[in-house]
Amino acid sequence: MPHHALEITLTRPLHPAELDAACRRTPLAADCDTTRLMALVPAKTPDRAAHRLRRRLTDRLPLDVITTHYPDASGQVLLNLALPPAAHTALQATALQTGQKPERLLERAVHRALAGHTEHEVKRLEHEVRRLLAHTVPAHLLAAMGHALTRNPQGPTP
């Protein structure tokens, strides 16, 4: 059976005793501030692995989100989250009204939010470039950007 690498985002840092108790149930690797954990879970599919991991740890850890660590063949990352009861009920009602699956509604909402974030980030960067261009010529700014990009390949990623 294949193993799937899953990343767990926690709602708060763990106390050492909590991490030890969880590790006795499932082997986990923690980041330095114990707000993110990694696990290898055997399952036929990534979706089953995420559900299995959530069932194993939900009573031991303050789980927020579980994601696949590596994208699938189409570049998608699985997102597994537990909605509060009120949000779950509202999602189910909207799904019934629109005749869509709840998963599809969430997928569209996430895509809209990411597109909005991307648009906002592009506008912010454009504003910053215009501000920089007020104090220099385009050729100097372009040279400085090229220099910075080749010197700092570990910068933020989209």
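The notes below deal with the structure included here. (Residues numbered from 1 in each chain as written. Predicted model: local features only at pLDDT ≥ 70, side-chain atom pairs only at ≥ 80, totals over all residues. Heavy atoms only, no water.)

### What about the overall build of the chain?
Counting its regular elements, the chain contains five helices and five strands. Going from N to C terminus, the chain has its helices and strands arranged as β-α-β-β-α-β-β-α-α-α. Computed over its C-alpha atoms, the radius of gyration of the chain comes to 21 Å, more than 25% above the 15 Å expected for a compact globule of 158 residues. Oriented by its inertia axes, the alpha-carbon framework of the chain measures out at about 60 × 45 × 30 Å. By the burial criterion, 23% of the 158 residues in the chain qualify as buried. Long-range contacts, defined here as pairs at least 24 residues apart, represent 58% of the contacts in the chain between residues at least 6 apart. Split by element, the accessible area of the chain, about 11,500 Å² in all, is 61% carbon and sulfur. Each charge class in the chain was averaged separately, 20 positive and 15 negative side chains, and the resulting centres sit 5 Å apart. (Helix = DSSP H or I, 4+ residues; strand = E, 2+ residues; numbered from the N terminus. Rg over C-alpha atoms; globule rule 2.2 N^0.38 Å. Buried < 20%, exposed > 50% of the residue type's maximum accessible area, 1.4 Å probe, protein only. Contact = heavy atoms within 4.5 Å. Areas by Shrake-Rupley, 256 points an atom, 1.4 Å probe, with all protein chains shown as cover. Lys, Arg positive; Asp, Glu negative; His and termini not counted. Charge placed at Lys NZ, Arg CZ, Asp CG, Glu CD.)

### What to know about the nonpolar core
In terms of nonpolar packing, the biggest core is built from 18 residues, with Ile8, Leu28, Leu37, Leu53, Leu57 and Leu61 touching the most fellow members. Sorting the residues of this core by element identifies strand E1 (3–10), helix H1 (16–25), strand E3 (36–42), helix H2 (46–57) and strand E4 (63–68) as the ones contributing at least two each. The element contributing the most residues to this core is H2, with four residues. If near-sequence neighbours (up to four positions away) are discounted, Ile8 is found in contact with Leu28, Thr35, Arg36, Leu37, Leu53, Leu57, Leu63, Val65 and Ile66. (Core = buried A, V, L, I, M, F, W, Y, C linked by side-chain atoms within 4.5 Å.)

### Focus: a nonpolar patch on the surface
Among the surface-exposed residues, Leu79, Leu81, Val110 and Leu114 lie close enough to one another that they form a single nonpolar patch of about 330 Å² accessible area. Secondary-structure elements contributing two or more residues to the nonpolar patch are strand E5 (79–81) and helix H4 (102–133). Here Leu79 is to be found in strand E5. On the basis of relative accessible area, Leu79 is assigned to the partly exposed category, the value being 45%. (Patch = residues over 30% accessible without salt bridge, like charges linked within 9 Å, V, L, I, M, F, W, Y side chains within 5 Å. Salt bridge = Lys/Arg side-chain N within 4 Å of Asp/Glu carboxyl O.)

### Thoughts on the environment of Pro2
For Pro2, the location among the structural elements is in the segment before E1. Judged by relative accessible area, which is 44%, Pro2 ranks as partly exposed. Through-space distance from the C-alpha of Pro2 to that of Lys44 is 6.3 Å; in sequence the pair is 42 residues apart. Those residues in contact with Pro2, other than ones at most four positions away along the chain, are Val41, Pro42, Ala43 and Lys44.

### So, the pairing of E4
Moving residue by residue along a regular strand, the side chains alternate between the two faces of the sheet. Taken across its six residues, E4 has five buried, putting it largely inside the fold. Examined bridge by bridge, E1 and E4 share five bridges and lie antiparallel to one another. If you follow Thr9 over to E4, its bridge partner there is Val65. As paired strands, E4 and E5 are joined by three bridges and run antiparallel to one another. Each bridged residue has a counterpart across the sheet, and for Thr67 the counterpart in E5 is Leu79. (Pairing = 2+ DSSP bridges.)

Read these as geometric descriptors, not functional statements.
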